[in-house]
Amino acid sequence: MSNDLSGILIAACLLAAIWTIALAAADRTVGNRLLIELGITELLVLIQLVVAVVEVAAGNQPDSTVIFLAYAVSEVLILPAGLFWSQSEKSRSSTLVITVAALAVAVMSVRMMQMWSTVS
Amino acid sequence: MTNPVPPGATTPAGATITEARTHGPGRLLVAVYALFALAAGSRATVQIGTKFHQAPLAYLLSAVAAIVYLLATVALARSGRRWRTIAVLTCSFELLGVLTIGTFSLFDAADFPDATVWSVYGQGYGFIPLVLPMIGLYWLRRTHSPEA
């Protein structure tokens, strides 16, 4: 696992979180530029999953491998689920659902970095 | 942009919509509950699947917590009096659970060797498991209209 990938992914999540908080504060709806940002973030999550699986298959054992992989898999579902739930009712609070999803992915990636740090 | 279904709004048919509960901030609550259902569920699955014998009590409680989170998520998302009742019961159960297990985990570390969602009042999850049922119960109370 590269720390660069994790770093960029976490930054993308935090950007999405700040962006959606700003949208909710300004009482504006989710636009195309945010959707593109979320798409890129989801792509990074998918890359992270592939890298995680490849690394573990190559014999690297992070701290609690099963949980490490479970995080990688779960993260893939969170942004699409959050976006779906947020867009099925347009309101301020619904926009903040994306904030919650993005922050969850960020926290999970930080945890993955911590678990990976035991692999030299 | 406001909440599309404010409390007391009427449908074209004239029926009063009293369920502000499942809209606006209620949907945000559902999202956070869903996340915790996922977190507690995965944790319990891993624990029971890989090291059940180490701490059966703690891991069974993890599974119970996961099921209650899932039930609460569904109950908060669905309208109707019955779902509201289930939401109140599950949120209350969670508050009781996090307070009880949180306290036990402080004094009896042997039975709780690693973090369940409720250990040390949900410390491993930023204490959200402690705050979440309180917000849930507050929301259920705030959106409750006695004539509903």
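A few words on the overall build of chain B. Looking only at helices and strands, chain B features 4 helices and 2 strands. Mapped in sequence order, the helices and strands of chain B form the string β-β-α-α-α-α. Every one of the 148 residues in chain B was classed for burial, and the buried ones make up 39%. For chain B, the share of sequence-separated contacts (at least 6 apart) that also reach a separation of at least 24 residues comes to 58%.

Looking only at helices and strands, one finds 4 helices and 0 strands in chain A. Here chain A has a C-alpha radius of gyration of 15 Å; the compact-globule value for 120 residues is 14 Å, and the two agree. When its C-alpha atoms are laid out on the principal axes, chain A stretches across 50 × 20 × 20 Å. Out of the 120 residues in chain A, the part that is buried amounts to 37%. When contacts within chain A are restricted to residue pairs at least 6 apart in sequence, those whose partners lie at least 24 apart make up 77%.

Side chains of a nonpolar character, in soluble globular proteins, are inclined to be buried together. In terms of nonpolar packing, the biggest core is built from 66 residues, with Val 105 of chain A together with Tyr 33 and Phe 36 of chain B touching the most fellow members. Looking at this core, the elements that each hand over two or more residues are helix 1 (3–25), helix 2 (32–57), helix 3 (65–87) and helix 4 (92–116) of chain A together with helix 1 (25–51), helix 2 (56–77), helix 3 (81–107) and helix 4 (128–142) of chain B. At 14 residues, the largest contribution of residues to this core is made by helix 1 of chain B. When sequence neighbours within four positions are dropped, the list of residues in contact with Tyr 33 of chain B reads Tyr 69, Ala 72, Thr 73 and Leu 76 of chain B.

Attention now moves to helix 2 of chain B. The end-to-end C-alpha separation of helix 2 of chain B is 32 Å, in line with the 32 Å expected for 22 residues at 1.5 Å each. Buried-residue contacts for helix 2 of chain B involve helix 1, helix 3 and helix 4 of chain B.

We now examine the interface of chain A and chain B. The interface of chain A with chain B comprises 18 residues on the first partner and 15 residues on the second. Of all the secondary structure elements, the ones that give two or more residues to the side of chain A that touches chain B are helix 3 and helix 4 of chain A. For the side of chain A that touches chain B, the element with the most residues is helix 4 of chain A, which contributes 7 residues. Split into classes, the residues belonging to the side of chain A that touches chain B amount to 8 nonpolar, 6 polar and 4 charged.

In helix packing, the relevant descriptors are the interaxial angle and the interaxial distance, both defined with respect to the helix axes. Residue and element names in this part refer to chain B. In contact at an axis separation of 8 Å, helix 1 and helix 2 are set at 155° when each is read in the N-to-C sense. Here helix 1 lies roughly antiparallel to helix 2, going by the angle between them. Where helix 1 crosses over helix 2, the handedness of that crossing is left-handed. Per-class residue counts for the contact of helix 1 with helix 2 are 18 nonpolar, 5 polar and 1 charged.

Glancing now at the packing of helix 2 of chain B against helix 3 of chain B. Residue and element names in this part refer to chain B. At a minimum axis distance of 8 Å, the contact between helix 2 and helix 3 shows a crossing angle of 150°. On the basis of their axis angle, the class for helix 2 and helix 3 is roughly antiparallel. Seen along the crossing, helix 2 lies across helix 3 with a hand that is left-handed. Judged by residue contacts, Leu 61, Ala 65, Val 68, Leu 71, Ala 72, Ala 75 and Leu 76 of helix 2 engage Trp 83, Ile 86, Ala 87, Thr 90, Cys 91, Phe 93, Glu 94, Gly 97 and Ile 101 from helix 3. In the contact of helix 2 with helix 3, the residues fall into 13 nonpolar, 2 polar and 1 charged.

On to the environment of Thr 90 of chain B. All names here are of chain B. Note on placement: Thr 90 falls in helix 3. Spatially, the C-alpha atoms of Thr 90 and Leu 70 are 9.4 Å apart, while their sequence positions differ by 20 residues. Those residues within four positions of Thr 90 in sequence are excluded, and the remaining contacts are Val 68, Leu 71, Ala 72 and Ala 75.

So, on to the environment of Ile 40 of chain A. Within the secondary structure, Ile 40 of chain A sits in helix 2. Sequence spacing of Ile 40 of chain A and Ala 12 of chain A is 28 residues, and the spatial spacing of their C-alpha atoms is 8.1 Å.

This next bit is on the environment of Pro 80 of chain A. All names here are of chain A. One can find Pro 80 in helix 3. Among the residues examined, Pro 80 registers 13 C-beta atoms within 10 Å and is labelled partly exposed. A C-alpha to C-alpha distance of 23 Å links Pro 80 and Ala 25, two positions 55 residues apart in sequence.

Conventions we followed
Residues numbered from 1 in each chain as written. Chains lettered and ligands numbered in written order. Predicted model: local features only at pLDDT ≥ 70, side-chain atom pairs only at ≥ 80, totals over all residues. Helix = DSSP H or I, 4+ residues; strand = E, 2+ residues; numbered from the N terminus. Buried ≥ 20, exposed ≤ 12 C-beta atoms within 10 Å, placed from the backbone. Contact = placed C-beta atoms within 7 Å. Rg over C-alpha atoms; globule rule 2.2 N^0.38 Å. Core = buried A, V, L, I, M, F, W, Y, C linked by C-beta atoms within 7 Å. Expected span 1.5 Å × (residues − 1). Nonpolar A, V, L, I, M, F, W, Y, C, P; charged D, E, K, R; others polar. Axes fitted to C-alpha atoms, helices over the stretch in contact; angles between N-to-C directions. Parallel < 35°, antiparallel > 145°, perpendicular 65-115°, else oblique. Left-handed = near helix turned anticlockwise from the far one by under 90°.

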